[in-house]
Amino acid sequence: MRKRTQKRAAARDAVKLAKDRVRLAALEEGGSSSRPIWVVSASLVEPTALGLGCAACGGPLRLQEHEAKPFGAQLLRVVHAGCIDCGHRRTVYIGLRDPLN
Ligand SMILES: [Zn+2]
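Residues numbered from 1 in each chain as written. Predicted model: local features only at pLDDT ≥ 70, side-chain atom pairs only at ≥ 80, totals over all residues. Heavy atoms only, no water.

A. Inspection of the pairing of strand β3 (residues 74–83) at higher detail. Burial runs high along β3: seven of the 10 residues are buried. Alignment of strand β2 (residues 61–71) against β3, held across 10 bridges, turns out to be antiparallel. Paired with Pro70 across the two strands is Leu75, which belongs to β3. Connecting the antiparallel pair β2 and β3 is a turn made up of two residues, with Gly72 showing a positive phi of about 60°. Between β3 and the antiparallel strand that follows it, strand β4 (residues 89–96), lie five residues; Gly87 among them carries a positive phi value of about 85°. (Buried < 20%, exposed > 50% of the residue type's maximum accessible area, 1.4 Å probe, protein only. Helix = DSSP H or I, 4+ residues; strand = E, 2+ residues; numbered from the N terminus. Pairing = 2+ DSSP bridges.)

B. Structural detail: the coordination of the zinc ion. Taken together, Cys54 (SG), Cys57 (SG), Cys83 (SG) and Cys86 (SG) make up the protein donors of the zinc ion, found 2.3 Å from the metal. Metal-centred angles of 104 to 116° between the four donor atoms at the zinc ion mark the site as tetrahedral. Read in sequence order, the donor residues coordinating the zinc ion give the pattern C-x2-C-x25-C-x2-C. Highlighted residues: Cys54 in the loop between α2 (45–51) and β2 and Cys86 in the loop between β3 and β4, separated in sequence by 32 residues. (Donors = N, O, S within 2.8 Å, 3.2 Å for Na, K, Ca; no water. Tetrahedral: all angles 85-135°; square planar, octahedral: opposite > 155°, others 65-115°.)

C. Quick peek at the pattern of salt bridges. Applying the stated rule across the entire model yields two salt bridges. Here the salt bridges do not stand alone but share partners, grouping Lys16, Asp20 and Arg23 into one network. (Salt bridge = Lys/Arg side-chain N within 4 Å of Asp/Glu carboxyl O.)

D. Quick peek at the sheet that holds β4. Here we have four strands laid out as an open sheet, ordered β1-β4-β3-β2, and mixed in their pairing. The outermost strands of the open sheet, each flanked by one partner alone, are β1 (37–39) and β2. With strand direction ignored, the average angle separating the axes of adjacent strands in the sheet is 30°. By the bridge criterion, three bridges tie β1 to β4 in an arrangement that is parallel. Within β4, the residue paired with Val39 across the bridge is Leu96. (Axes fitted to C-alpha atoms, helices over the stretch in contact; angles between N-to-C directions.)

Purely geometric numbers; function is a separate question.
Shown next, in the form of structure tokens:
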């Protein structure tokens, strides 16, 4: 009886922790269109986004979609990825900075 209660509490804690991580990831660079990660080459967009890992469990990400989308005057790359381990979806915003500027 008590064991089951503890197990349930542990599961609740794990869910809370994952939610906190997801909320934090949204505030980090790349988590929103107002705070993109800047890279200097289009070839770096996908490895940079996927390299972040899952926001919920830290597992490996698999690319789902990569699109270019305008946000105001800025054109950003939006990478949609899903966690291979837990299925959580992550959207990463990346800007391409011209290395010559
Ligand atoms: Zn995950």
